[in-house]
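Commentary on secondary and tertiary structure
Spelled out, the chains give:
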There are 2 protein chains.
Amino acid sequence: MQARRKPIALLTAKEIFDLVRDDLALVEDELARQTDTAFPAVSEIAAYLLGGGGKRLRPALLLLSARYAGRNDRSAIRLAAVVELLHSATLIHDDVIDSAGTRRGRPSANAKWGNHRSVLTGDWLYMKSFQMALEERNFRILDILIDLTQKMVEGELIQLEKIGRIDVTEEDALRLATYKTACLFSGCARLGAVLGGLGEEEEQALADYGKYAGLAFQLVDDLLDFTASAQQLGKPVLSDLKEGKVTLPLIYAMENCHREAR
Amino acid sequence: MQARRKPIALLTAKEIFDLVRDDLALVEDELARQTDTAFPAVSEIAAYLLGGGGKRLRPALLLLSARYAGRNDRSAIRLAAVVELLHSATLIHDDVIDSAGTRRGRPSANAKWGNHRSVLTGDWLYMKSFQMALEERNFRILDILIDLTQKMVEGELIQLEKIGRIDVTEEDALRLATYKTACLFSGCARLGAVLGGLGEEEEQALADYGKYAGLAFQLVDDLLDFTASAQQLGKPVLSDLKEGKVTLPLIYAMENCHREAR
């Protein structure tokens, strides 16, 4: 007799991941296969980054959305790998950008391999992702992937212009979090819907869910920069603050303190 | 009465460019329009790079090929702009990679704007190119563009591994020139054929023509590093040699000299 299912709202994160645990193992195989290349820089940096204990949130979101939409096949596995590769490519380029020394508790790729190899490996992963996505022969999937990648790049550009400025509004910070993080989460949920051929309304509902999940993720990440230990965080604490990045927790703190304390 | 046409083999470079002069002006408009963005880094770097006196060889090749294939419309203009934007993106990332100080006789983008903005602007131009190409709704065009971009990235990766090594063979150097340069030229000629719906044989002939034109261009460029003045070249002479890049002229020179001279 089958155990009665818990309502989804009561599932723990582990129980949610368990729903797609087998598929996530196949995504890992796909990631390893696609980044095993004749180019040592690419293979080493990709293996290092993909082996760095990422939680595979984005692939999981895509797989869950695709499963809801009735797709649970090679296409879903492949696209789940695509979004993780795109995410990895942006991480590598972001680290070059921030001259970041650590990522997830270890030296960042550019600290180990230099800016040269990191820039090229990021480029290579972008193109590999698009090559894999092209195999679907679906223009909407390509539109979604290229647009969200462009948004992530624009998020980093916006952030770069805001560095060191204290006149960042709540609206600015939310827009930045949307571009940098939530667009990819939203795209993952939307891609599952597109794969399953859902109607416009359900597709938009899933995309919205992904967007707000991404925003929540980014805001918690911003908050942890102030409240967590370096060990929990896998990078130095207050690193956003030291880099001159004004995030939402700081904006709210500043709204609630005297002018002199700012 | 129409003047009798010269056989194509006797045309000068200027006369060849004249065949697509009007279209190239439209390509310039398209390039300016597509890179006029809300992101100052992108607009400034793109305007700087596109205004740097590039000869628009790749757009011209695409336009000539498309015209041969009977296409002389918006699609040809747009794709001609796409290949120039892709070329520009690789130039920007290559300059970050080489820590190059000059490009076409002026400070390189990264020397003026820093690595951060250069990496992101390169990424932005890649995505913009693919967005423009996606408007054609033609999978083969996307396959060609993404594959040749991946090849250019791999060319830079190959070059990076060979830096400072003297055991570079003629075969290595030709492979490198094919990846770095000839693949894009070949792709330009092929895209014209695809736009015009030419048969497989004619498409391949045009792609081959582009490939060999690209190889010739790269070999002349390599040779100029040894024989031209810095003013002619727009960058310091012997810069390849100083960066430890072994190119074909050097390989041939070494084959023709005594062991001690090497």
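If you're wondering where the values come from, they're calculated on a predicted model, not measured in any experiment. Residue positions are counted from 1 within each chain, in the order its sequence is given. For this description, chains carry letters from A and ligands carry numbers from 1, given in the order in which they are written. Reporting in this predicted model follows two pLDDT cut-offs: at least 70 for local features of residues, and 80 or more for side-chain atom pairs to be given and counted; totals over whole chains, interfaces and linings ignore these cut-offs and use all residues. Hydrogens and water are ignored here; the side-chain numbers use all heavy atoms of the structure.

Structural notes on the overall build of chain A
Scanning chain A from N- to C-terminus turns up twelve helices and two strands. Secondary structure of chain A in N-to-C order comes out as α-α-α-α-α-β-β-α-α-α-α-α-α-α. By principal-axis analysis of the C-alpha atoms, chain A measures approximately 60 × 45 × 35 Å. Accessibility here uses a 1.4 Å probe with only protein chains present; expressed as a share of the type maximum, an area under 20% marks a residue as buried, one over 50% as exposed, and anything in between as partly exposed. Burial status across chain A gives 53% buried among its 262 residues. In the form shown here, chain A has an accessible surface area of approximately 12,300 Å², with 53% of it arising from carbon and sulfur atoms. Counting 33 positive and 38 negative side-chain charges, chain A places the averaged centre of each group 3 Å from the other. Strands are runs of DSSP state E lasting at least two residues, helices are runs of H or I lasting at least four, and both sets are numbered from the N terminus onward. Per-residue and other accessible areas follow the Shrake-Rupley method at a 1.4 Å probe size, with only the shown protein chains counted as cover for residues. When charges are counted, Lys and Arg contribute as positive and Asp and Glu as negative, whereas His and the chain ends are disregarded. For the purpose of locating charges, the reference atoms are NZ of Lys, CZ of Arg, CG of Asp and CD of Glu.

Things to note about helix α3 (residues 40–50) of chain A
For α3 of chain A, a buried count of eight out of eleven residues is recorded, marking the element as mostly surrounded by other parts of the structure. All of the buried residues along α3 of chain A are Ala-41, Val-42, Ser-43, Ile-45, Ala-46, Tyr-48, Leu-49 and Leu-50 of chain A.

Details of the nonpolar core
Side chains that are nonpolar tend, in soluble globular proteins, to be buried together. Here, nonpolar core means buried Ala, Val, Leu, Ile, Met, Phe, Trp, Tyr and Cys residues that are tied together by side-chain atoms lying within 4.5 Å of each other. Core analysis: the biggest nonpolar cluster contains 132 residues, and Phe-130 and Leu-145 of chain A together with Leu-145 of chain B have the highest contact counts within it. Here, two residues are considered to be in contact whenever any of their heavy atoms come within 4.5 Å of each other. Apart from the residues lying within four places of it in its own chain, the contact partners of Phe-130 of chain A are Leu-86, Leu-142, Ile-146 and Thr-149 of chain A together with Met-127, Phe-130 and Ile-146 of chain B.

Section: the side chain of Thr-149 of chain B
Looking at where Thr-149 of chain B falls in the secondary structure, it is placed in helix α7 (residues 139–162). Excluding anything up to four places from it in sequence, Thr-149 of chain B contacts Met-127 of chain A together with Leu-86, Tyr-126 and Phe-130 of chain B.

Description of the relation of the copies chain A and chain B
Of the transformation superimposing chain A on chain B, the axial component is 0.0 Å and the angular component is 180°, with the fit at an RMSD of 0.0 Å. Look at the turn and shift together and you get a two-fold axis relating the two. Scanning chain A for the C-alpha nearest the rotation axis identifies Val-119 of chain A, at a separation of 3.6 Å. Residue by residue, 100% of the interface of chain A is reproduced at the interface of chain B, so both copies engage with the same surface. Residues reaching a pLDDT of at least 70 in both copies supply the C-alpha atoms on which the copies are superposed by least squares.

Things to note about the interface of chain A and chain B
If you look at the interface, chain A gives 36 residues, while chain B gives 36 residues. Summed over both sides, the interface between chain A and chain B buries roughly 3,800 Å², with carbon and sulfur atoms accounting for 71% of that surface. When two parts are put together, the accessible area they lose, computed with a 1.4 Å probe and summed over both, is reported as buried area. Per-residue buried area on chain A facing chain B is highest for Leu-120, Met-127 and Phe-139 of chain A; these three make up 18% of the total on that side. By salt bridge we mean one thing: a side-chain nitrogen of Lys or Arg within 4 Å of a carboxyl oxygen of Asp or Glu. Where chain A touches chain B, the interface holds four salt bridges. Between Arg-117 of chain B and Glu-161 of chain A there is a salt bridge, with its nearest N and O atoms 3.5 Å apart. What qualifies as a polar contact is a pair of N or O atoms within 3.5 Å, subject to a donor-acceptor requirement within protein and to the restriction that residues adjacent in sequence count only when both atoms come from side chains. Between the two partners, chain A and chain B, sit ten residue pairs in polar contact (both at pLDDT 80 or more). Those elements that place two or more of their residues in the side of chain A that touches chain B are α3, α5 (74–98), α6 (109–134) and α7 (139–162) of chain A. For the side of chain A that touches chain B, the element with the highest residue contribution is α7 of chain A, accounting for 14 residues. When its residues are assigned to classes, the side of chain A that touches chain B shows 19 nonpolar, eight polar and nine charged. Charged means Asp, Glu, Lys or Arg here, nonpolar means Ala, Val, Leu, Ile, Met, Phe, Trp, Tyr, Cys or Pro, and polar covers whatever is left, Gly included.

Concerning unusual backbone geometry
The backbone of Arg-56 of chain A shows a phi angle near 55°, a positive value even though the residue is not glycine. Positionally, Arg-56 of chain A belongs in the loop between α3 and α4 (57–68).

With respect to the side chain of Lys-128 of chain A
Here Lys-128 of chain A shows up in helix α6. Although buried, Lys-128 of chain A forms no salt bridge, and the nearest oppositely charged side chain, Glu-135 of chain A, lies 6.7 Å from it. Side-chain polar atoms of Lys-128 of chain A contact the side chain of Gln-34 of chain A, separated by 3.3 Å. Excluding anything up to four places from it in sequence, Lys-128 of chain A contacts Gln-34 and Leu-85 of chain A together with Gln-150 of chain B.

What about the packing of α6 of chain A against helix α6 (residues 109–134) of chain B?
Packed helix pairs are characterised by how far apart their axes lie and by the angle those axes make with each other. The angle between two axes is taken between their N-to-C directions and runs from 0 to 180 degrees, where each axis is a line fitted to C-alpha atoms and a helix contributes only its stretch in contact. Between α6 of chain A and α6 of chain B, the least distance of the axes is 12 Å, while the angle of their chain directions is 15°. Relative to α6 of chain B, the element α6 of chain A is oriented roughly parallel. For the element pair α6 of chain A and α6 of chain B, the recorded crossing hand is right-handed. For the pair α6 of chain A and α6 of chain B, the contacting residues are Asn-115, Val-119, Asp-123, Tyr-126, Met-127 and Phe-130 of chain A in the first and Asn-115, Val-119, Asp-123, Tyr-126, Met-127 and Phe-130 of chain B in the second. Considered class by class, the residues forming the contact of α6 of chain A with α6 of chain B number eight nonpolar, two polar and two charged. Orientation is classified from the angle alone, with under 35 degrees giving roughly parallel, over 145 giving roughly antiparallel, 65 to 115 giving roughly perpendicular, and any other angle giving oblique. Each crossing gets its hand from how the near helix is turned against the far one by less than a right angle, where anticlockwise is left-handed and clockwise is right-handed.

Here's the deal with the state of the cysteines
Any two cysteine sulfur atoms lying within 2.5 Å of each other are counted as a disulfide. All told, the structure shown has zero disulfides over all chains when counted by the stated rule. Cysteine Cys-188 of chain A is unpaired, with the sulfur of Cys-183 of chain A as its nearest cysteine sulfur at 11 Å.

Quick word on the pattern of salt bridges
The tally for this structure, following the rule as stated, stands at 32 salt bridges over all chains. Salt-bridge contacts for Arg-56 of chain B lead to Glu-84 of chain B; the nearest nitrogen and oxygen are separated by 3.1 Å. Of this pair, Arg-56 of chain B sits in the loop between α3 (40–50) and α4 (57–68) while Glu-84 of chain B sits in helix α5 (residues 74–98), and the two are 28 residues apart along the sequence. Each of Lys-14, Asp-18 and Arg-21 of chain A takes part in a single network of salt bridges with overlapping partners.

Read these as geometric descriptors, not functional statements.
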